[in-house]
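# Topology and contacts: notes
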Amino acid sequence: FAYDVKSSSCCQQSPDPDETVFHLRGFAIEMPAAHRSLGFDEVSPAAAAKTLFGHLQPGDRVAITTRPYDATGDKNRDAAESFVRKYVHALEAIGLSVRVISDQTPLQDFCFLMKTQKELIGSVRSTFVIWASILGNPINTKLYMWDTIGLRKRFAGAMVNTTNSDGLLMHSQDLARIPSATFLDQFQFAWTNPSLKSRIHFEAIPSEEL
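The structure contained in this document is the topic of the report that follows. This one's a predicted model, so the numbers in the text were calculated from it and none came from an experiment. (Residues numbered from 1 in each chain as written. Predicted model: local features only at pLDDT ≥ 70, side-chain atom pairs only at ≥ 80, totals over all residues. Heavy atoms only, no water.)

## Description of the packing of aromatic side chains
Evaluated as defined, the whole model comprises 7 aromatic pairs. Taken together, Phe22, Phe53, Phe83 and Tyr87 form an aromatic cluster joined through their ring pairs. (Phe/Tyr/Trp six-rings, centres within 6.5 Å; stacked < 30°, edge-to-face > 60°.)

Right, here's the structure in full:
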């Protein structure tokens, strides 16, 4: 298996060297009824602007890729465009220059992510962006965990004792008291490769409900 980076069927566009690339996975569009209970919520637009992109300066450039925008077809196109637009507006509100990469195949989107030079940002729940970072060579990758009650309920059994002193399952308010780092450990990798250890970083972002 190899990419033919000279073929447009594999690589149609490339990020500019000074662009931060954001992979907005769009789980809410792909599985609207189940994404929350399965812990697949993504960072809110406001939190993305503040936490993921707050280190950038006004005028800095961001390119967004998102699978539903390209893959859902006409049926969910309006919902996907509305979903992406909220993030574009939030990033533009802090002075960033934003473009959305559209009308590409998933293969072409993957190539775009993989060719990021400056910084790649995406959810730890997306193997798409994780593998793009591993196979690519961005200076920095930020893989975030959007810490929600749904995610905690989904993974608490594997990470912590989820019963109280009476042997009853924890309520949401009890789960909310557990440190985010406890759940982030579920997704982090024990890199041994020096390059991966230096350029791929994991970050837990508490959601507004915690």
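Additional details are given in the paragraphs that follow.
## Some points on the layout of surface pockets
It is a probe the size of a water molecule, rolled over the atoms, that shows where empty space is left. Quantified by volume, the largest pocket comes out at close to 380 Å³. Around the largest pocket sit 19 residues that line it, and His35, Arg36, Asp41, Glu42 and Trp146 are the ones nearest its centre. At 3 residues, the largest contribution of residues to the lining of the largest pocket is made by helix α4 (residues 77-92). Among the residues making up the lining of the largest pocket, the classes are represented as 8 nonpolar, 5 polar and 6 charged. (1 Å grid on protein atoms, 1.4 Å probe; cavity = no way out; pocket = protein on both sides within 12 Å on 5 of 7 lines; lining within 4 Å. Points joined across faces, edges and corners; volume = space filled by probe spheres on them. Helix = DSSP H or I, 4+ residues; strand = E, 2+ residues; numbered from the N terminus. Nonpolar A, V, L, I, M, F, W, Y, C, P; charged D, E, K, R; others polar.)

## Brief notes about the packing of helix α2 (residues 45-52) against α4
At their nearest, the axes of α2 and α4 sit 8 Å apart, and the two run at 40° to each other. Put simply, α2 runs oblique to α4. In this structure, α2 crosses over α4, and the sense of that crossing is right-handed. Here Pro45, Ala48 and Ala49 of α2 lie close against α4, whose contacting residues are Lys86, Tyr87, Ala90 and Leu91. Here the contact of α2 with α4 is composed, by residue class, of 6 nonpolar, no polar and 1 charged. (Axes fitted to C-alpha atoms, helices over the stretch in contact; angles between N-to-C directions. Parallel < 35°, antiparallel > 145°, perpendicular 65-115°, else oblique. Left-handed = near helix turned anticlockwise from the far one by under 90°. Contact = heavy atoms within 4.5 Å.)

Coordinates in, geometry out; function isn't part of it.
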